[in-house]
Amino acid sequence: MRSKDLAVIAMLVLSVTPRAIAAEVTPWPPSDPAQPQAGVAITKALAMSLRDIRDFAGLQRAVGSSGKLSSVDNDLETPRAIYDWEGLGGRGRMTVDLYRSGGIGVTITPDDGTKAITLNNAGAFICPDCSPPVDACGHRPSWVPHSVHWDTFDCHRTIIGPQTPEANSR
């Protein structure tokens, strides 16, 4: 094969690969940075700015603190650590499920009466109070087992939280 052909094949593979491949979190379980106070208010605007976030470190930089580790769940098919933040001045809350695979699922609860906004680093973004409302499932996250069906009906139950078929049937 010519080098030009190899370059074309490489470009095709990269273009169909998800935008970011999360690296496994080490050490596991992660340590508690004990920084629950975000450096910004947790608002709908912040959620919109996090829509293209691809890793946990990028999320931590965007909110201006490392969060508070509230629990680690190693008993699931896909182990996860749960981090919490309170927005600057008590404005809003955010919970992040950090999976051992490096994937993240985020729930943002603004303090302005806006419904919870969920997103992940696989392109999902669900914001019922956005204008217009957004309901994007994204790619199948690395932490969702292939035994769980993934389509626009199921993705709302599998975007964050325990990832076993039994847990998602609730």
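On a predicted model such as this, the values are computed, not experimentally measured, just so you know.

*Asks:* What's the story with the overall build of the protein chain in this structure? I'm lost.
*Replies:* In terms of helices and strands, the protein chain carries five helices and seven strands. Each helix and strand of the protein chain, ordered N terminal to C terminal, gives the series α-α-α-β-β-β-β-β-β-β-α-α. Scored against the burial criterion, the 170 residues of the protein chain give a buried share of 43%. Taking all contacts inside the protein chain whose residues are at least 6 apart in sequence as the whole, residues at least 24 apart take part in 48%.

*Asks:* So what exactly am I meant to see when it comes to the sheet that holds strand E7 (residues 134–136) here?
*Replies:* By definition, the strands of a sheet pair up through backbone hydrogen bonds, in either a parallel or an antiparallel sense. If you walk across this open sheet you meet the seven strands as E1-E2-E3-E4-E5-E6-E7, and the pairing is antiparallel. Strands at the two margins of the open sheet, each flanked by one partner only, are strand E1 (68–73) and E7. For this sheet, the mean inter-axis angle between neighbouring strands, taken without regard to orientation, is 15°. Bridge count for strand E6 (residues 125–127) against E7 is three bridges, and the pairing is antiparallel. Within E7, the residue paired with Phe-125 across the bridge is Ala-136.

*Asks:* Please explain the nonpolar core as it appears in this structure.
*Replies:* Where a protein is soluble and globular, its nonpolar side chains tend to be buried together. By size, the foremost hydrophobic cluster in this structure holds 27 residues, and its most contacted members are Leu-59, Trp-85, Met-94 and Ile-108. Secondary-structure elements contributing two or more residues to this core are helix H2 (44–49), helix H3 (56–63), strand E2 (80–86), strand E3 (93–99), strand E4 (104–109), strand E5 (117–120) and E6. Excluding residues within four positions of it along the chain, Leu-59 makes contact with Leu-50, Ile-53, Trp-85, Met-94, Val-96, Ile-104 and Val-106.

*Asks:* Can you help me understand the packing of aromatic side chains in this one?
*Replies:* In this description, a pair of aromatic rings is defined by centroid distance and the angle of the planes. Applying the stated criterion to the full structure yields three aromatic pairs. Chaining the aromatic ring pairs together yields one cluster made of Phe-56, Tyr-83 and Trp-85.

*Asks:* Is there a simple way to explain unusual backbone geometry in this structure?
*Replies:* Peptide bonds are, in most cases, trans, and in most cases residues other than glycine have a negative phi. Backbone torsion omega between Thr-26 and Pro-27 reads -5°, so that peptide bond is classified as cis. The residue Pro-27 is located in the loop between helix H1 (3–16) and H2 in this model. The peptide bond linking Ser-131 to Pro-132 adopts the cis configuration, its omega dihedral lying at -5°. Even without being a glycine, Ala-34 presents a positive backbone phi close to 50°. Along the chain, the position of Ala-34 falls in the loop between H1 and H2. Looking at Ala-34, the relative accessible area reads 48%, which means it is partly exposed.

*Asks:* Quick question: what am I supposed to make of the pattern of salt bridges here?
*Replies:* Between side chains of opposite charge, pairing is possible as soon as their charged atoms come close. Counted by the stated rule, this structure contains six salt bridges. Between Arg-100 and Glu-24 there is a salt bridge, and its shortest N-O distance comes to 3.7 Å. Of the two residues, Arg-100 sits in the loop between E3 and E4 while Glu-24 sits in the loop between H1 and H2, which places them 76 residues apart along the sequence. Arg-100 sits in the partly exposed class, given a relative accessible area of 34%. Two residues, Asp-97 and Arg-80, come together in a salt bridge whose shortest N-O distance is 2.7 Å. Taken together, the residues span a long stretch of sequence, with Asp-97 in strand E3 and Arg-80 in strand E2 at a distance of 17 residues. Residue Asp-97 shares its accessibility class with Arg-80, and that shared class is buried.

*Asks:* Please explain the pairing of E2 as it appears in this structure.
*Replies:* Each regular strand shows side chains that alternate between the opposite faces of the sheet. Of all seven residues in E2, five are buried; the element is thus mostly enclosed. For E1 and E2, the ladder comprises five bridges, and the chain directions are antiparallel. Considered in E2, the bridge of Leu-69 is made with Tyr-83. Bridge count for E2 against E3 is seven bridges, and the pairing is antiparallel. Bridging across to E3, Glu-86 finds its partner in Arg-93.

Cut-offs and rules
Residues numbered from 1 in each chain as written. Predicted model: local features only at pLDDT ≥ 70, side-chain atom pairs only at ≥ 80, totals over all residues. Heavy atoms only, no water. Helix = DSSP H or I, 4+ residues; strand = E, 2+ residues; numbered from the N terminus. Buried < 20%, exposed > 50% of the residue type's maximum accessible area, 1.4 Å probe, protein only. Contact = heavy atoms within 4.5 Å. Pairing = 2+ DSSP bridges. Axes fitted to C-alpha atoms, helices over the stretch in contact; angles between N-to-C directions. Core = buried A, V, L, I, M, F, W, Y, C linked by side-chain atoms within 4.5 Å. Phe/Tyr/Trp six-rings, centres within 6.5 Å; stacked < 30°, edge-to-face > 60°. Salt bridge = Lys/Arg side-chain N within 4 Å of Asp/Glu carboxyl O.

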